[in-house]
Amino acid sequence: MILLRLFLVTITLGIASGCATTSTKVVEANPADPYETVNRKVFAFNTFVDTMFLRPIAKAYVAVTPSPVKKGVSNFFGNIGDATSLVNDALQGKPDKISGDLSRVFVNTFFGFGGLYDIGTDLGYEKGEEDYGQTLGHYGMRSGPYVVLPFFGPSSIRDTIGMAPNFALNPVSKLTSSVTAKNTLTALGIVDARAGLFPTEALLQSASLDKYTFLRSAYLQRRQSLVFDGRPPKED
């Protein structure tokens with residue numbers, strides 16, 4: 001599939017994080033990115049795929065899909081994300097987050113028509129953001145080198161390993177035994193995530209002369225913050 005949802009969400013979070021920009025294109029070696037030469041080539045490939053295929057598809061999806069339907073699709077995949085977060089809450093032993101995500105999944109699934117309506121947010125249940133990469137980090141596994149994966153985008157060695165259970169335990173694969181239906185749902189989720197970037201896309205285009213460095217910084221900072229629940233240790 002083209003560009004994992006994590007890649008798309010990372011761009012949005014990177015924009016929201018307000019990373020500093022520079023007026024000139026100065027690229028310095030980063031010890032967290034020893035494979036930068038290869039990573040930049042993969043980044044360029046992913047950008048080409050997005051420009052030529054994913055972005056036009058997402059634009060068409062936005063143009064022809066009624067707003068209530070788009071909202072329902074986003075809520076549906078958000079509910080699946082909450083279920084994944086719930087599993088990782090349990091693996092990390094975080095009772096407060098377990099309570100919040102369990103409540104969200106329960107009310108949205110049973111009273112929100114399978115997650116099409118986000119009742120949990122209306123009731124004040126905070127949305128969780130836990131995943132398997134964070135769980136590995138919670139138990140002391142270091143991030144490792146930054147990598148850019150073909151089609152999947154920004155990652156690290158730790159987060160790449162964490163992708164394995166994401167695929168194996170993906171709730172979408174449990175919803176139906178039809179391969180066609182699974183592929184359709186997966187493609188719909190990716191297009192929905194890409195469409196969600198349009199409001200902030202212009203900011204990304206103007207935010208930094210070196211978008212690779214911008215996104216790398218955003219990704220690494222965001223992941224470090226998530227692993228430590230917003231309280232990362234001070235770096236040496």
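Please refer to the structure higher up on the page.
Definitions and cut-offs
- Residues numbered from 1 in each chain as written.
- Predicted model: local features only at pLDDT ≥ 70, side-chain atom pairs only at ≥ 80, totals over all residues.
- Heavy atoms only, no water.
- Buried < 20%, exposed > 50% of the residue type's maximum accessible area, 1.4 Å probe, protein only.
- Helix = DSSP H or I, 4+ residues; strand = E, 2+ residues; numbered from the N terminus.
- Arc of directions from axis to C-beta.
- Contact = heavy atoms within 4.5 Å.
- Salt bridge = Lys/Arg side-chain N within 4 Å of Asp/Glu carboxyl O.
- Pairing = 2+ DSSP bridges.
- Axes fitted to C-alpha atoms, helices over the stretch in contact; angles between N-to-C directions.
- Parallel < 35°, antiparallel > 145°, perpendicular 65-115°, else oblique.
- Phe/Tyr/Trp six-rings, centres within 6.5 Å; stacked < 30°, edge-to-face > 60°.
- Polar contact = N/O pair within 3.5 Å; in protein donor to acceptor, adjacent residues only side chain to side chain.
- Nonpolar A, V, L, I, M, F, W, Y, C, P; charged D, E, K, R; others polar.

### Some remarks on helix 7 (residues 157–168)
Next up, step 1: Every buried residue of helix 7 is accounted for by Arg158, Asp159, Gly162 and Met163. Down the axis, helix 7 shows its buried residues gathered within 145° of arc, on one side only.
Next up, step 2: Contacts from the buried residues of helix 7 go to helix 6 (132–138), strand 1 (146–149), strand 2 (153–156) and helix 11 (211–227).

### Details of the environment of Phe113
Next up, step 1: Mapped onto the secondary structure, Phe113 falls in the loop between helix 4 (95–110) and helix 5 (119–122).
Next up, step 2: Judged by its relative accessible area of 63%, Phe113 falls in the exposed class.
Next up, step 3: Linking Phe113 and Gly72, residues 41 residues apart in sequence, is a C-alpha distance of 9.7 Å.

### Here's the deal with the pattern of salt bridges
Next up, step 1: Here the structure, examined in full by the defined rule, presents 16 salt bridges.
Next up, step 2: Across the pair Arg216 and Asp33 runs a salt bridge, and its minimum N-O distance is 2.8 Å. Here Arg216, found in helix 11, pairs with Asp33, found in the loop between helix 1 (5–16) and helix 2 (36–64); they are 183 residues apart in sequence, far enough to count as distant. Each member of the pair, Arg216 as well as Asp33, is classed as buried.
Next up, step 3: Here Glu130 ties to Lys94 by a salt bridge, and the two come within 3.5 Å at their closest N and O atoms.

### Description of the pairing of strand 1
Next up, step 1: By the alternation rule, side chains of strand 1 split into Tyr146 and Val148 and Val147 and Leu149, which are all buried.
Next up, step 2: Pairing of strand 1 with strand 2, which is carried by four bridges, proceeds in the antiparallel orientation. For Val147, the partnering residue across the bridge sits in strand 2 and is Ser155.
Next up, step 3: The loop that links strand 1 with its antiparallel partner strand 2 comprises three residues; one of these, Phe151, has a positive phi angle of about 75°.

### A few points about the packing of helix 3 (residues 67–92) against helix 9 (residues 179–195)
Next up, step 1: Orientation of helix 3 relative to helix 9, taken along the N-to-C sense of each, is 110°, at an axis distance of 10 Å. By the angle between their directions, the pair helix 3 and helix 9 is classed as roughly perpendicular. Residues Lys70, Val73, Ser74, Phe76 and Phe77 of helix 3 form the contact with helix 9, whose own contacting residues are Leu185, Leu188, Gly189 and Asp192.

### What about the packing of aromatic side chains?
Next up, step 1: The tally for this structure, following the rule as stated, stands at eight aromatic pairs.
Next up, step 2: With a centroid separation of 5.1 Å and 45° between ring planes, the pair formed by Phe106 and Phe110 is classed as tilted. With Phe106 and Phe110 both in helix 4 and four residues apart, the pair spans about one turn of that helix.
Next up, step 3: The class for Phe110 is exposed, based on a relative accessible area of 59%.
Next up, step 4: On the basis of an interplanar angle of 65° and a centroid distance of 5.9 Å, the ring pair of Phe113 and Tyr117 is categorised as edge-to-face.
Next up, step 5: Through a chain of ring-to-ring contacts, three or more aromatic side chains come together here, namely Phe43, Tyr146, Tyr212 and Tyr219.

### Some thoughts on the side chain of Asp82
Next up, step 1: By the secondary structure assignment, Asp82 is in helix 3.
Next up, step 2: Engagement of the side chain of Asp82 in a polar contact is seen with the side chain of Arg104, the distance being 3.0 Å.
Next up, step 3: Ignoring any residue separated from it by four or fewer positions in sequence, one finds Asp82 in contact with Asp101, Arg104, Val105, Asn108, Lys127 and Gly128.

### Examining unusual backbone geometry
Next up, step 1: Although it is not a glycine, Phe151 adopts a positive phi angle of roughly 75°.
Next up, step 2: Mapped onto the elements, Phe151 comes out in the loop between strand 1 and strand 2.
Next up, step 3: Take Phe151: its relative accessible area is 32%, and that puts it in the partly exposed class.
Next up, step 4: For Asp229, which is not a glycine, the phi torsion comes out positive at approximately 50°.
Next up, step 5: Mapping Asp229 onto the fold places it in the segment after helix 11.
Next up, step 6: Of the residues examined, Asp229 reaches a relative accessible area of 28% and is grouped as partly exposed.

### Some points on the packing of helix 2 against helix 11
Relative placement of two packed helices is described by the angle separating their axes and the distance separating the axes.
Next up, step 1: Taken N-terminus to C-terminus, the directions of helix 2 and helix 11 make an angle of 105°; their axes are 11 Å apart at the nearest point. As the angle between them shows, helix 2 and helix 11 are arranged roughly perpendicular. Taken together, the residues of helix 11 that come into contact with helix 2 (itself represented by Glu36, Asn39, Arg40 and Phe43) are Lys211, Tyr212, Thr213, Leu215 and Arg216.
Next up, step 2: Along the lines of polarity and charge, the residues of the contact of helix 2 with helix 11 split into three nonpolar, two polar and four charged.

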